[in-house]
Amino acid sequence: MKLTRDGIAYRVACDLPNGSYVNLGIGIPTIVSSYLTPDKEILFHSENGILGMGPVAAPGTEDVDLVNAGKEFVTMLPGGAFFDHSLSFSMIRGGHLTHSILGALEVAGNGDLANWRTPGEKVPGVGGAMDLAFGVKNVWVTMTHVTNKGKPKILKACTLPLTGPRCVKRIYTDLALIEVTPEGLLLREFAPGLDPAAVQAQTEAPLRIASDCSAMNVPENIKGVPLAA
Amino acid sequence: MKLTRDGIAYRVACDLPNGSYVNLGIGIPTIVSSYLTPDKEILFHSENGILGMGPVAAPGTEDVDLVNAGKEFVTMLPGGAFFDHSLSFSMIRGGHLTHSILGALEVAGNGDLANWRTPGEKVPGVGGAMDLAFGVKNVWVTMTHVTNKGKPKILKACTLPLTGPRCVKRIYTDLALIEVTPEGLLLREFAPGLDPAAVQAQTEAPLRIASDCSAMNVPENIKGVPLAA
Amino acid sequence: MIDKTFKSCEEAVACVPDGATIMLGGFGDPGLPGRLLEALRQKGTKNLAIIHNGAGAGDWALGGLIKDGRIRKLTASFPCNPGAIAFQELYLKGQVELELVPQGTLAERIRAAGAGLGGFFTPTAAGTELAKGKESRVIDGREYVFEKPLRADFAFIRAHRGDRLGNLAFRKAMRNFNMVMATAAEMTIAEVDKLVPVGGIDPEDVHTPGIFVDRVVHIARHPKLVEITGPK
Amino acid sequence: MIDKTFKSCEEAVACVPDGATIMLGGFGDPGLPGRLLEALRQKGTKNLAIIHNGAGAGDWALGGLIKDGRIRKLTASFPCNPGAIAFQELYLKGQVELELVPQGTLAERIRAAGAGLGGFFTPTAAGTELAKGKESRVIDGREYVFEKPLRADFAFIRAHRGDRLGNLAFRKAMRNFNMVMATAAEMTIAEVDKLVPVGGIDPEDVHTPGIFVDRVVHIARHPKLVEITGPK
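Let me begin by describing the structure that accompanies this report. (Residues numbered from 1 in each chain as written. Chains lettered and ligands numbered in written order. Predicted model: local features only at pLDDT ≥ 70, side-chain atom pairs only at ≥ 80, totals over all residues. Heavy atoms only, no water.)

**As for the overall build of chain A**
- From N to C terminus, chain A includes five helices and 15 strands.
- Relative to the globule expectation of 17 Å for 229 residues, the C-alpha radius of gyration of chain A, 17 Å, shows essentially globular dimensions.
- Taking the principal axes of its C-alpha atoms as reference, chain A extends roughly 50 × 40 × 30 Å.
- The 229 residues of chain A split such that 59% are buried.
- Sequence separation of 24 or more characterises 61% of the internal contacts of chain A that already satisfy a separation of 6 or more.
- Looking at chain A as shown, the accessible area adds up to about 8,700 Å², and 55% of this sits on carbon and sulfur atoms.
- The distance from the centre of the 19 positive side-chain charges to the centre of the 22 negative ones in chain A is 7 Å. (Helix = DSSP H or I, 4+ residues; strand = E, 2+ residues; numbered from the N terminus. Rg over C-alpha atoms; globule rule 2.2 N^0.38 Å. Buried < 20%, exposed > 50% of the residue type's maximum accessible area, 1.4 Å probe, protein only. Contact = heavy atoms within 4.5 Å. Areas by Shrake-Rupley, 256 points an atom, 1.4 Å probe, with all protein chains shown as cover. Lys, Arg positive; Asp, Glu negative; His and termini not counted. Charge placed at Lys NZ, Arg CZ, Asp CG, Glu CD.)

Structure (structure tokens):
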């Protein structure tokens, strides 16, 4: 079994503690907010000057002055705040955000992250990715474990230009939850039906196995949305 | 004749153009705002985060949250703004204020300013004086021309520790209005009843005489307050 | 009396010469001074260096200026946004220069210019491709990159409310780059949705004090920017 | 649920150890967290390093702590304020260290710490006594002084309104150093005149977002600080 995109987001949501200040990147990370349980109060940050962002605006209720970093119309939750880019990136660079949930193209065993330059891309763009990678305490990556062509994305060393060196703390994929430690990668969980050897087979970097390494506890679906398939 | 403290402030007020953004130091500079004519709209800045400051609050109307840099209770005029120290000193250091009116202990012929360490003083304090001296486009000094003991304060070179090098643009004293130019000091006006030689006699630094050098046009008093005596 | 208001965008941008460097606020549509840019486009001003987070979208405002070949250089963090077709075409033909700056470094360089600083050390990008050729320094055990202030001849910004003194208040996510850009240009020109009398913006609610703003133009929102919920 | 409120100043400062470095907001009375300081004084905490614009006044709050001999170092721009008798006595006896920093440089060093920067070049003080021993550099023809970020273990600040998430709004001239200090300490403790429900401060009116604030204590204004005109 593999986790779906929603399954990866669900697994991340389980790990975000109450009181976190979180920036969600584009793609799988944006789904994370849908899977938070109501016992947790978490504030979402957007680079363009928002803290306490709510879900995407329902059709017909959009406010033209309120978009997120992905230019989607969003909403605000009570207790939020607006500010400018200077203060927004002080929050990021100054280590005030607790979590940055990002997509990745490659992650290395030492926590190096590559997610800003795709191989075939001709016009480069970096946005706020480097500020997040360098500034936020917990950089958590969400991605498929291997490329469309089945090649590992968790490597001994990144081949693409780095977004940030040694910044990734955790990797959440469709196959595994891996922690980056000073001694290298530590496999903490694997998708239901797999085993550590199966994860290692799709991972170039060597994995140590946590003493309590176990299958992920992810339901097959929530409200009809499949989390694992 | 000499100008009084009010007379010096009056003379400065005459020269402030409409639309100026002005920081007034403690002492003679604070009196400047009393002599502005109603045809001019000028915004006063205070280091602690105020633009558009009005006069000192009338007794009984003080607001405990509204003081100026001298810790006096002040008022606000319409069109003012509150901000924090960071933005306040961006205004100063970034060259956005048009005028800083300061007191001085010594000024040198090249525009060097000394006003932060008095000779006998044991506990030093600099406040915002250096930021103003280095940041504001037009640093104008107001002071008595000589010390209590009759010694010149406009010197060939400052003897006290500098607040800022080559920052003073104009010197307004009880005896004269002197401009600091790349070629040295230029006497523009002298107090009624004096002449350029009398001013030079009380000035250590050499003065050039402006081609249109003339006696100051300052009334003897305004609303019963003497400006020259 | 101080009166910074201009009757039209055309008058407000009339003094912008060919070759000027222009900071352009906005992030997506919120806070984008599109009408000022359109006025500049009509005027035919060319050889411009633009500082903006993205590279414009479609053929309106920045997208239009780029399509018309008026831009010699773009300083941006994210010029690869999907709508920036005009820029991407020109860039691939080598007809426009690009300086790529991480978004937070872009904001901080602009702030440094406005705050009168000579530069700063930031951790962002240290050891990456974007730090190549830049001075680096280890401070208290961490590697930093030296970045210089970024100034412009003009800043074009958009606010929600403005007065004749140049005081501005933004709405929701409109602040973005507008507040720092207002501080870092020789001349700042603001397009405002509403012109209010002096005192109409409470001193507690002024986001950009008038000291940073030289010209204010009141202009109805662009038809593309329809307010769906009521404004504050 | 996030709840950063503490019932009393005593509880809020209970964790401050001897030897701590504390940033102290306020400029004059506006924004001065006097009740937090008084609680620290009652607790007997000593050997403190204080970062504040002045050196306190009289024998209350900072003046009281200094009088009681609890301060080993003061970083300030204006410790010669007339009321700061306690500090001046200790300083002249050589019993307290003083680091004198120009006011704008003080604010900027604190901001740099909060913004994650490694330092910056400022023109202020270049070539003067206060730049002695500091690195200087000519950038684009002007001389600048290198200044490092200034951090603290704690920031004590005061705001007018606060909520349980730590969002703060100031009133009039209360903002001063409080906003930057909130960003630059391991733990920020705010004394607030009014505690409001979440949502009670409009997102447009939050001056210091709760992300920067760890503890909030609601406490009536000190009797010395009587509100004369009505609060907002």
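Having put the structure on the table, let's press on.
**As for the sheet that holds strand β6 (residues 119–122) of chain D**
- As summarised here, the arrangement of the six strands in space is β7(C)-β8(C)-β6(C)-β6(D)-β8(D)-β7(D), forming an open sheet in which the pairing is antiparallel. The open sheet is flanked by β7 (136–139) of chain C together with β7 (136–139) of chain D, the only strands paired with a single partner. In this sheet, adjacent strand axes meet at a mean angle of 30 degrees when their direction is disregarded.
- The pairing of strand β6 (residues 119–122) of chain C with strand β8 (residues 142–147) of chain C spans three bridges and is classified as antiparallel. Counterpart to C:F121 in the pairing with β8(C) is C:F146.
- Packing of helix α5 (residues 103–114) of chain C onto the sheet brings it into contact with β6 and β8 of chain C, and relative to β6(C) it is tilted by some 155 degrees.
- Strands in contact with helix α5 (residues 103–114) of chain D are β6 and β8 (142–147) of chain D; relative to β6(D), the strand with the most contacts, it is inclined by about 155 degrees. (Pairing = 2+ DSSP bridges. Axes fitted to C-alpha atoms, helices over the stretch in contact; angles between N-to-C directions.)

**Some remarks on the pairing of β7(D)**
Residue and element names in this part refer to chain D.
- The sheet contact formed by β7 and β8 spans four bridges and is antiparallel. Pairing of S136 across the sheet is with V145, part of β8.
- Count of turn residues in the β7/β8 antiparallel hairpin: two residues, of which D140 carries a positive phi of about 50 degrees.

**With respect to the interface of chain A and chain C**
- Facing 37 residues of chain A, the contacting portion of chain C comprises 46 residues.
- Summed over both partners, the interface of chain A with chain C buries about 3,500 Å², with 63% contributed by carbon and sulfur atoms.
- Linking chain A to chain C there are five salt bridges.
- For A:D63, the salt bridge identified is with C:R171, shortest N-O distance 2.7 Å.
- Where the side of chain A that touches chain C is concerned, the elements lending two or more residues are α3 (85–93) and α4 (129–135) of chain A.
- Broken down by element, the side of chain A that touches chain C gets its largest block of residues, four residues, from α3(A).
- Tallied by class, the residues present in the side of chain A that touches chain C amount to 17 nonpolar, ten polar and ten charged. (Buried area = accessible area lost by both parts, 1.4 Å probe. Salt bridge = Lys/Arg side-chain N within 4 Å of Asp/Glu carboxyl O. Nonpolar A, V, L, I, M, F, W, Y, C, P; charged D, E, K, R; others polar.)

**A closer look at the sheet that holds strand β9 (residues 154–155) of chain B**
Residue and element names in this part refer to chain B.
- One open sheet accounts for three strands, arranged β7-β6-β9; its pairing is mixed. Bordering the open sheet on either side are β7 (113–114) and β9, each of which pairs with just one other strand.
- Where strand β6 (residues 106–108) meets β9, two bridges bridge the pair, whose relative direction is parallel. When the bridges of β9 are listed, V107 appears paired with I154.

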